[in-house]
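Spelled out, the chains give:
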Amino acid sequence: MFQGKKILLAITGSIAAYKSILIVRLLVKAGAEVRVVLTPSAKDFVTPLTLSTLSKNPVVSELFNEQAWSNHVMLGRWADVMLVAPLSCNTLAKMAAGQCDNMVLATYLSATCPVVVAPAMDEDMWHHPTTRENLAKLESFGNKVIPVDKGELASGLNGDGRMAEPEAILQYLQDHLFQTRDLEGKIALVTAGPTYEPLDPVRFIGNHSSGKMGIAIAEELARRGAQVELVLGPSSYHTQAKGIHIQRVQTAEEMYQACTGIWPTASLAVMSAAVADYSPTTKAKEKIKKTEESFTLELTRTKDILGSLGKEKQNGQLLVGFALETTNEKDYAQQKLKKKNADIIVLNSLNDEGAGFGYDTNKITIFEKDGNEIPFNRKPKQEVARDIVDRIVNMLYA
Ligand code: CTP
């Protein structure tokens, strides 16, 4: 995701500097070209040798030495982004005041690229009015501030002020600076949440689906430029992300009507809703009163939305279904691919801890129509959504 990107990493004197070593490693691994500048006090926490070895570039820390003057102007112009991580309280104050007594500050003042900072400090320093004022000043210059984490601090206290984790910093850069809008101009249909099938005016048959996975997919598709039509069952979750139009439905029949209306205009559809397979054959007009000892309910099959979309699928349209199984998972997932004429089936197993209804994480295996089977680790649903959309994009443009 960072292929060919030029990242200038400025490290300042903070215990969080040890995490910067991992930032360099992750960026290089992701294809970025990394150059590192240090403040004098950063060298008390990390060595130039480690950083130059990992970045495969010389590390700059002095404005000049006996032999040469370091060209901070060219460094700032070379970079696609300057990332200051960690940003100490001291460097923050100097940046806000326009001071220029070291290489990091000189580079910052002459940088023509976007500047992103990842602060790290103790909680009381973080909440001090001067810190707030200095950060607001940086933001007023157009610099971006990566939110700090809450947790254990160098002082031994627990609170706000930890530098964001390296993986989260890379994600921030990707989301805010290098987002690929590879789905620009595409219309994407997404279903999410459960359906409620009414028995009478007060009762329904439903399921435990929260809708979180489908909403995360809709948000990821929108972030990547798609115009998303989200058909959302009765979920308590919602999204206000740009680029998503929500149509609220209650029943499988309403979801079917909404989806079949949108599908002919869409480039892709992701059916992540947990649609009821059966619905009460009759819906009582009034509340059903208890009379007999037992009560028999007649149910009728609902329309198979994924299957119907599969039948209507045109060349160039891509269809993704979900499978939630408890036994013979792989066989069922593969059968579902064929039966529904889908291009991708995302299998999540109820046997996996942390996967499925209600959790914030999910563990999936993706089955593709050309036989690919790709297992993923358990991850937050936002990251799972990214993995799914990556496979969609890969297949759309294959
Ligand atoms: N689905 C659908 N319409 C339905 C039921 C399910 O579109 N009436 C979609 C779901 O959104 C999901 C996929 O079908 O993408 C798989 O759901 P599942 O209930 O496992 O599919 P079934 O074919 O009903 O599976 P089974 O044979 O196990 O009943």
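Residues numbered from 1 in each chain as written. Predicted model: local features only at pLDDT ≥ 70, side-chain atom pairs only at ≥ 80, totals over all residues. Heavy atoms only, no water.

A. Spatial organisation of the pattern of salt bridges. Enumeration over the complete set of coordinates arrives at 20 salt bridges. Measuring nitrogen to oxygen at the nearest pair gives 3.1 Å for the salt bridge that ties K340 to D304. Pair noted here: K340 is in the loop between α12 (329-339) and β17 (344-349) and D304 is in the loop between β15 (299-301) and α11 (305-312), with a separation of 36 residues, a long-range link. Of the residues examined, K340 reaches a relative accessible area of 13% and is grouped as buried. Several salt bridges share partner residues, and in doing so they unite D182, E220, R223, R224 and D390 into one network. (Salt bridge = Lys/Arg side-chain N within 4 Å of Asp/Glu carboxyl O. Helix = DSSP H or I, 4+ residues; strand = E, 2+ residues; numbered from the N terminus. Buried < 20%, exposed > 50% of the residue type's maximum accessible area, 1.4 Å probe, protein only.)

B. How the structure looks around the sheet that holds strand β19 (residues 364-368). Pairing is mixed in the open sheet, where eight strands are placed in the order β12-β11-β8-β13-β16-β17-β19-β20. For this open sheet the edge positions go to β12 (244-248) and β20 (373-375), each flanked by a neighbour on one side alone. The sheet shows a mean angle of 15° between the axes of neighbouring strands, direction not considered. Contacts from helix α9 (residues 212-223) reach β8 (187-192), β11 (227-232), β12, β13 (268-271) and β16 (318-325), with the element oriented near 165° to β8. (Pairing = 2+ DSSP bridges. Axes fitted to C-alpha atoms, helices over the stretch in contact; angles between N-to-C directions. Contact = heavy atoms within 4.5 Å.)

C. Looking closely at the site of the ligand. Taken together, 14 residues sit near the ligand, with M271, A273, F322, K336 and K340 positioned nearest. K303 has a polar backbone atom sitting 2.9 Å from a nitrogen atom of the ligand. Contact with the protein chains hides 76% of the accessible area of the ligand, taken as 580 Å² for the molecule alone. Taking a 2 Å distance to the grid points as the criterion, the majority of the atoms of the ligand fall inside the largest pocket. If you list the elements that add at least two residues to the shell around the ligand, you get α11 and β16. (Near = heavy atom within 4 Å. Polar contact = N/O pair within 3.5 Å; in protein donor to acceptor, adjacent residues only side chain to side chain. Areas by Shrake-Rupley, 256 points an atom, 1.4 Å probe, with all protein chains shown as cover. 1 Å grid on protein atoms, 1.4 Å probe; cavity = no way out; pocket = protein on both sides within 12 Å on 5 of 7 lines; lining within 4 Å. Sits in = over half its atoms within 2 Å of the grid points.)

D. Representation of the layout of surface pockets within the structure. Taken as a whole, the largest pocket holds about 920 Å³ of empty space. Lining the largest pocket are 35 residues, and of these A273, A274, V275, F322 and L324 sit closest to its centre. Only α9, α11, β16 and α12 provide two or more residues apiece to the lining of the largest pocket. Top contributing element to the lining of the largest pocket by residue count: β16, with four residues. (Points joined across faces, edges and corners; volume = space filled by probe spheres on them.)

E. Quick peek at a nonpolar patch on the surface. Judged by side-chain polarity, Y278, F295, L297 and L299 come together as a nonpolar surface patch covering roughly 390 Å² of accessible area. Its location among the elements puts L299 in strand β15. (Patch = residues over 30% accessible without salt bridge, like charges linked within 9 Å, V, L, I, M, F, W, Y side chains within 5 Å.)

F. Structural view of the sheet that holds strand β2 (residues 33-38). Sheet architecture is open: five strands sit in the order β2-β1-β3-β4-β5, paired in parallel fashion. Across the chains shown, the open sheet's two edge strands, defined by having one partner strand only, are β2 and β5 (144-145). One ladder, built from four bridges, connects strand β3 (residues 81-87) with strand β4 (residues 115-119); its direction is parallel. Opposite L83, over in β4, you have V116 as the bridge partner. Seen against the sheet, helix α4 (residues 89-97) touches β3 and β4 and runs at an angle of roughly 135° to β3.

G. Quick look at the packing of helix α10 (residues 252-262) against α11. Two numbers describe how α10 lies on α11: the axes approach to 10 Å, and their chain directions differ by 20°. By the angle between their directions, the pair α10 and α11 is classed as roughly parallel. Crossing geometry of α10 relative to α11 is assigned as right-handed. Contacts between α10 and α11 involve A252, M255, Y256, C259 and T260 on the former and, on the latter, I305, S308 and L309. By residue class, the composition of the contact of α10 with α11 is six nonpolar, two polar and no charged. (Parallel < 35°, antiparallel > 145°, perpendicular 65-115°, else oblique. Left-handed = near helix turned anticlockwise from the far one by under 90°. Nonpolar A, V, L, I, M, F, W, Y, C, P; charged D, E, K, R; others polar.)

H. The arrangement of the nonpolar core in detail. L221, V228, L230, L268, V270, I388 and I392 are the most contacted members of the largest nonpolar core, which has 34 residues in total. Secondary-structure elements contributing two or more residues to this core are β8, α9, β11, β13, β16, β17, β19 and α13 (381-396). If one sorts the elements of this core by residue count, α13 sits on top with eight residues. Ignoring sequence-local partners within four residues, the contact set of L230 consists of V190, A192, I215, A218, T239, I244, H245, I246 and Q247. By size, the runner-up hydrophobic cluster in this structure holds 32 residues, among which are A30, V59, V116 and L170. (Core = buried A, V, L, I, M, F, W, Y, C linked by side-chain atoms within 4.5 Å.)

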